[in-house]
Structure formats: structure tokens, C-alpha cells
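If you want the building blocks of each chain, they are given just below.
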Amino acid sequence: MSGELAGVDRLRSGILLMIIVPVLVLVAAITLAIPLMYVPPAGPPHGYRLYYAFSLYAGVAQAVAAAVVVMVSLVLSALAVARLKDGFSLIYASGRGGYAGSMGSTMVIVGLVLMLAAVVAMLFPLAGLALGVLAAVALLVGFILIGVGIFEVGESFNNSTTKLGGILTAIPIPLVTFVGLIISYVGLGEVRESLRGAARP
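All values reported here derive from a predicted model rather than from experimental measurement.

A short note on the overall build of the chain
No. 1: A count of helical and extended segments in the chain gives 6 helices and 0 strands.
No. 2: Within the span of the chain, comprising 201 residues, buried residues form 34% of the whole.
No. 3: The long-range share in the chain, meaning contacts at least 24 apart out of those at least 6 apart in sequence, stands at 70%.
No. 4: Just so you have it, the chain exposes about 11,000 Å², and 78% of that area is on carbon and sulfur atoms.

Now the structure itself:
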């Protein structure tokens, strides 16, 4: 029972981080887009020069801030996937399924490594493109398997909310996957309370 509970807790914490990461990425994207929304004010030529100088510094600051957010997102993604893998492994060891989720977590880790390699290899466009495609495939397959793993866990614990979350997480449409993660988090919370209740004397 303790292994199951620990596994569910690890899964929930990993899924929570995976919910937070897209929000951070969205914030970074909006931050980068803000300089593009500026409209030069009417005025004499020196006014334009001051405006564009300010816009340049503001744009650089925003780009740095966005880069920091992206780096934090990558770190949180790695931590999230590690927790998911641990959670699935603990649940699988308890005989409650989740093997597909463990394999999916490994695929996502591979995808993140390939993504970083693709960024580094951008100096060589063809190599960067090839690595980017491989990263996308690994991430796609990984998230599908994670969704299947969540469904297996929900089926094992007879929790319909978790099963629904797993199904939606496995659908390779970003918004649907995001909603699936939220539902999975809620469903695993129900499983957690059920396990805690069963453990009470």
C-alpha cells in the first residue's frame, strides 16, 4: 500500500509540474511578442530615435527574461518526467500497471535531450532539423505512452476520472493533452484519498 501511495504522489507531483510548464512557456511567448506590439509615437525625428533606443533595450531585456523562463521550463520538464518515471515504476512494482507510462517517460527524456542537441546543432541546419524531427517524434510517442500509462493506473484503481485524463493526455493535440493532465491530476487525487482511507485503521 505504501508503494502505491508513494507512486501516486510522485505521479501527481510530476503531472502538476507538466501543467505548470506550458503556462511558463506561454508567458515567455507573450513576453517576446510584446515588443512587436509597440507603435512608434508621432513626433520629431529625435523622438523616433529615443523610442527605438528604448524599444531595443526593452526588447533585449524581454528576450533575456523569456530565455530564463524557457530554461526554467526545461529544468521543470526534466524534473516532472523524472517524477513521472519514478511514480509509474513504483505503481508497476505494486502490480498496478503503468509500464507504458514508465516507457513513455523515458521517451520524453530522450526527446528533451534531442531537443537540446537540436538547438546546439542549429549552426548546421540539416543536422539541427534532423535532430528536431527526432525530438518531436520521441516527445509525441512519449506523451502518448504516458497517457496510456495514466489510463492503466486509473483502470487498476477503478477511477474513471483518471482513465478519462489518461485518454485525453494520449491524444496528440496540445490543448487536449493539457486538459487531460489537469483531469489526471484530479483523478489521481481521488485515488490518493482512497488509498489513504484504506490505510487508516
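On we go.
A few points about a nonpolar patch on the surface
No. 1: A cluster of nonpolar side chains, contributed by L129, V133, V137, L140, V141, I144 and V148, occupies part of the molecular surface with about 530 Å² of accessible area.
No. 2: Tracing the backbone shows L129 in helix α4 (residues 125-156).

Observations concerning the pattern of salt bridges
No. 1: For the structure on display, the rule yields 4 salt bridges.
No. 2: For R192, the salt bridge goes to D9, with nearest N and O atoms at 2.5 Å. Pair noted here: R192 is in helix α6 (residues 174-199) and D9 is in helix α1 (residues 2-33), with a separation of 183 residues, a long-range link.
No. 3: According to the relative accessible area criterion, D9 is partly exposed, its value standing at 30%.
No. 4: If you follow the salt bridges from partner to partner, you end up with D9, R192 and E193 in one network.

What about unusual backbone geometry?
No. 1: Phi is positive for N158, which is not a glycine, with a value near 55°.
No. 2: Locating N158 in the fold gives a position in the loop between α4 and α5 (160-170).

Digging into the confidence of the model for the chain
No. 1: Here the chain averages 83 in pLDDT, while 80% of its residues score no lower than 70.
No. 2: Within the model, pLDDT remains below 50 along residues 46-53, and this stretch shows 9 contacts once partners closer than five positions in the same chain are excluded.

Looking at the packing of α4 against α5
No. 1: At a minimum axis distance of 7 Å, the contact between α4 and α5 shows a crossing angle of 170°. Taken together, the axes of α4 and α5 lie roughly antiparallel to each other. Residues F143, I144, G147, V148, I150, F151, G154 and E155 of α4 form the contact with α5, whose own contacting residues are T162, K163, G166, I167, T169 and A170.
No. 2: In terms of residue class, the contact of α4 with α5 is built from 7 nonpolar, 5 polar and 2 charged.

So, the nonpolar core
No. 1: V8, L11, I15, L84, F88, V153 and F157 are the most contacted members of the largest nonpolar core, which has 25 residues in total.
No. 2: When residues of this core are traced back to their parent elements, those giving at least two are α1, α2 (45-93), α3 (99-120), α4 and α6.
No. 3: Top element by residues in this core is α1. It accounts for 8 residues.
No. 4: Residues in contact with F88, not counting those within four places in the same chain, are L11, G97, G98, G101, S102, S105, I146, G149, I150 and V153.

Calculation notes
Within any chain, residue numbers begin from 1 and follow the written order of that chain's sequence. The predicted origin of the model limits local features to residues at a pLDDT of at least 70 and limits the giving and counting of side-chain atom pairs to 80 or more, whereas totals for whole chains, interfaces and linings rest on all residues. To get the side-chain values, take all heavy atoms of the structure and skip hydrogens and water. Here a helix means four or more residues in a row that DSSP labels H or I, a strand means two or more in a row labelled E, and each is numbered from the N terminus. Partly exposed residues are those whose accessible area sits between 20% and 50% of the maximum for their type, while under 20% is buried and over 50% is exposed, using a 1.4 Å probe and protein chains only. The criterion used for residue contact is that any of the two residues' heavy atoms lie within 4.5 Å. To measure how exposed things are, a 1.4 Å probe is used in the Shrake-Rupley method; for residues, cover is taken only from the protein chains shown. Each patch is built from salt-bridge-free residues with over 30% relative accessible area, joining like charges within 9 Å and nonpolar side chains (Val, Leu, Ile, Met, Phe, Trp, Tyr) within 5 Å. Definition used for salt bridges: Asp or Glu carboxyl oxygen within 4 Å of a side-chain nitrogen of Lys or Arg. Per residue, pLDDT captures the predictor's confidence, and it can take any value from 0 to 100. Note on definitions: angles span 0 to 180 degrees between N-to-C directions of axes, and those axes are lines fitted to C-alpha atoms, for helices only across the stretch in contact. If an angle is under 35 degrees, it is roughly parallel; if it is over 145, roughly antiparallel; if it lies from 65 to 115, roughly perpendicular; otherwise it is oblique. When residues are sorted by character, Ala, Val, Leu, Ile, Met, Phe, Trp, Tyr, Cys and Pro go into the nonpolar class, Asp, Glu, Lys and Arg into the charged class, and all the rest, Gly among them, into the polar class. Side-chain atoms within 4.5 Å link the members of a nonpolar core, which is a set of buried Ala, Val, Leu, Ile, Met, Phe, Trp, Tyr and Cys residues.

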